[in-house]
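One letter stands for each residue in the lines below.
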2 protein chains.
Amino acid sequence: MDVLKLRILTDGKNLGNGILKVDGFINHQVDPQLMDECGRELAARFSQMKLTKVLTAEISGIAPALTTALHLGVPVVYARKQKPITMPNEVFLTLAPSHTKGRTVELIVSPEYLGKAERVLIIDDFLASGQTILGLARLAQTAGAQVVGVGAVIEKSFEGGRKMLESLGVPIESLVIIENMEDGKIIFAD
Amino acid sequence: MDVLKLRILTDGKNLGNGILKVDGFINHQVDPQLMDECGRELAARFSQMKLTKVLTAEISGIAPALTTALHLGVPVVYARKQKPITMPNEVFLTLAPSHTKGRTVELIVSPEYLGKAERVLIIDDFLASGQTILGLARLAQTAGAQVVGVGAVIEKSFEGGRKMLESLGVPIESLVIIENMEDGKIIFAD
C-alpha cells in the first residue's frame, strides 16, 4: 500500500531497537482518512470469508479494526486490558507478553460478544512478535469461535510474528511489511 | 438521534447507580455503522467552526472521535492514560477523577500533536460528570490551543456535567440526553 509506505517514510520514526514510532498518524494522533483507506483495503482482502466479527485489542488496534469492520459491515470487539465494571464476572481471559511494554498484559473479552458461531477476523495495528494476535486467537478459540484470518496495518517481519502465527492455518495479510530497521533505516519488503 | 435512542433502549442496560451499560454497541463491542452515523451527526453540528483537530481520551472515546474526525476531515488525537515509550519526556499531563473507575487517571498528550494554532473539538462517548472532558480542555489550554466545542454521544444530564463545562463558554452537543435512570428506567429528555 504505497500511500502508507510513503507516510511511514515521511512521518514515521525509527527509534532503534526495532521500535517504529507512528504516533503522528496511527497511535496517538490518528489520520482518519488514512485509517479508513487501511480499513477498506483490509476488508477487501477478506471480503469473501463470510466473517461475522472483527476482533482486536485496545488501545491502538481500535482505529484500524473499526474502519475494517465498517467496510465489512460487521461488529468489532476490542479485548480490554482491565475488566470494566460493566463486564460480567465470568470472562474469557488470556495473558500476552507485550514487547513494547516489557511486561505481560491481560486480554479480556466478555462471553456476551464472542460466541461459538462466530467467524472472526483478527486485526491489529502491528504484527511484530505476534504475541498479542496469538492471545486474541486463544480468546476466540476459548469462545468456540473460528479464527478465519489475521490482518495488520504494519508488519515487522524481522520479529518473526508470521512464523509464530502459522499454527493458526489462516491467511495473514499486512498492508506494508518492514523487513529491516537496522542503522536507523526503514526498509520495506518488495 | 432516534436510531441511537432505540439502540440504547434495545441493547443498553441500566445497571443501577447511574451506570449505563452500552458494551454491546459502543464500549467493548462496537457497531461501526452506528458509530459512523454518530460521527457524521457530530461533525455536522460543528462543521462551521473551522476545526483543526478532534481531541478525545482513550479508550472508549476513540471510536466516536475517529468517525467524527473522518467526517470533518481533520486528525484526531487521543490522550493516553499511560505514557508510551514512543512519547517524548516533556508532555502535557493532567489528572482527572474517573467516576466509573473510582480513582484518578492521568491524561497525557504529546506537544508534537497539540499546538497553539489548533482549534479543538473535544469528543467523548459519555458526558456524565464532565471531569474527563474538563481534563481534556485543560490539556488543550495548556498547549495554547483553543477549545471551540464539546460533543458527546450520550449525555447523562443528572450527573451535572453540562453545568461543569459552562465555564468553557463553547457549544456542547450530545446526540441523546438521558435525564433519569432511577428505578431501572432509562428516560430521555425531549
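As the structure is a computational prediction, the values presented were derived from the model and not from experiment.

**Notes on the sheet that holds strand β3 (residues 29-30) of chain B**
Within the open sheet, the seven strands sit side by side as β11(A)-β10(A)-β9(A)-β8(A)-β4(A)-β5(A)-β3(B). Their pairing is mixed. At either margin of the open sheet sits one strand with a lone partner, and together these are β11 (187-188) of chain A together with β3 of chain B. Bridging between strand β4 (residues 53-57) of chain A and strand β8 (residues 119-127) of chain A involves three bridges; their strand directions are parallel. Counterpart to Val54 of chain A in the pairing with β8 of chain A is Leu121 of chain A. Together, β9 (146-156), β10 (172-180) and β11 of chain A form the strand contacts of helix α1 (residues 2-11) of chain A, whose direction differs from that of β10 of chain A by roughly 35 degrees.

**Focus: helix α5 (residues 131-142) of chain B**
Residue and element names in this part refer to chain B. Compared with the 16 Å implied by 1.5 Å per residue over twelve residues, the 16 Å span of α5 between its first and last C-alpha is a close match. Buried within α5 are the following residues: Gln131, Ile133, Leu134, Gly135, Leu136, Ala137, Leu139 and Ala140. Positive backbone phi, at 85 degrees, marks Gly144, one or two positions downstream of α5.

**Points about the packing of helix α3 (residues 32-45) of chain A against helix α4 (residues 62-72) of chain B**
Contact pair α3 of chain A / α4 of chain B: the axes reach a minimum separation of 8 Å and the direction vectors enclose 105 degrees. Taken together, α3 of chain A and α4 of chain B sit at an angle that is classed as roughly perpendicular. Between α3 of chain A and α4 of chain B, the contacting residues are Pro32, Gln33 and Asp36 of chain A on the first element and Leu66, Ala69 and Leu70 of chain B on the second. Across the contact of α3 of chain A with α4 of chain B, the residue classes tally to four nonpolar, one polar and one charged.

**Concerning the relation of the copies chain B and chain A**
Note on the copies: chain B fits chain A at an RMSD of 0.0 Å, the axial shift is 0.0 Å, and the rotation between them is 180 degrees. When the rotation and shift are considered jointly, the pair of chain copies conforms to a two-fold rotation axis. Relative to the rotation axis, the closest C-alpha in chain B is found at Ile59 of chain B, a distance of 3.2 Å.

**Some points on the interface of chain B and chain A**
At the junction of the two partners, chain B supplies 45 residues and chain A supplies 45 residues. Both sides together, the interface formed by chain B and chain A hides about 3,600 Å², and carbon and sulfur atoms give 60% of it. Summed over the shared surface of chain B and chain A, the result is two salt bridges. One salt bridge in this structure joins Lys21 of chain A and Glu112 of chain B, with 2.7 Å as the shortest N-O distance. If you look at where chain B meets chain A, you find 22 residue pairs in polar contact (both at pLDDT 80 or more). Broken down by secondary-structure element, the contributors of at least two residues to the side of chain B that touches chain A are α2 (23-27), β3, α3 (32-45), α4, β5 (76-79) and β7 (103-109) of chain B. Of the residues forming the side of chain B that touches chain A, the biggest block, six residues, is contributed by α4 of chain B. Among the residues forming the side of chain B that touches chain A, the class breakdown is 23 nonpolar, twelve polar and ten charged. As judged from the two bridges shared by strand β3 (residues 29-30) of chain A and β5 of chain B, these two strands associate in the antiparallel manner. Considered in β5 of chain B, the bridge of Gln29 of chain A is made with Val77 of chain B.

Parameters at a glance
- Residues numbered from 1 in each chain as written.
- Chains lettered and ligands numbered in written order.
- Predicted model: local features only at pLDDT ≥ 70, side-chain atom pairs only at ≥ 80, totals over all residues.
- Heavy atoms only, no water.
- Pairing = 2+ DSSP bridges.
- Helix = DSSP H or I, 4+ residues; strand = E, 2+ residues; numbered from the N terminus.
- Contact = heavy atoms within 4.5 Å.
- Axes fitted to C-alpha atoms, helices over the stretch in contact; angles between N-to-C directions.
- Expected span 1.5 Å × (residues − 1).
- Buried < 20%, exposed > 50% of the residue type's maximum accessible area, 1.4 Å probe, protein only.
- Parallel < 35°, antiparallel > 145°, perpendicular 65-115°, else oblique.
- Nonpolar A, V, L, I, M, F, W, Y, C, P; charged D, E, K, R; others polar.
- Least-squares fit on C-alpha atoms with pLDDT ≥ 70 in both.
- Buried area = accessible area lost by both parts, 1.4 Å probe.
- Salt bridge = Lys/Arg side-chain N within 4 Å of Asp/Glu carboxyl O.
- Polar contact = N/O pair within 3.5 Å; in protein donor to acceptor, adjacent residues only side chain to side chain.

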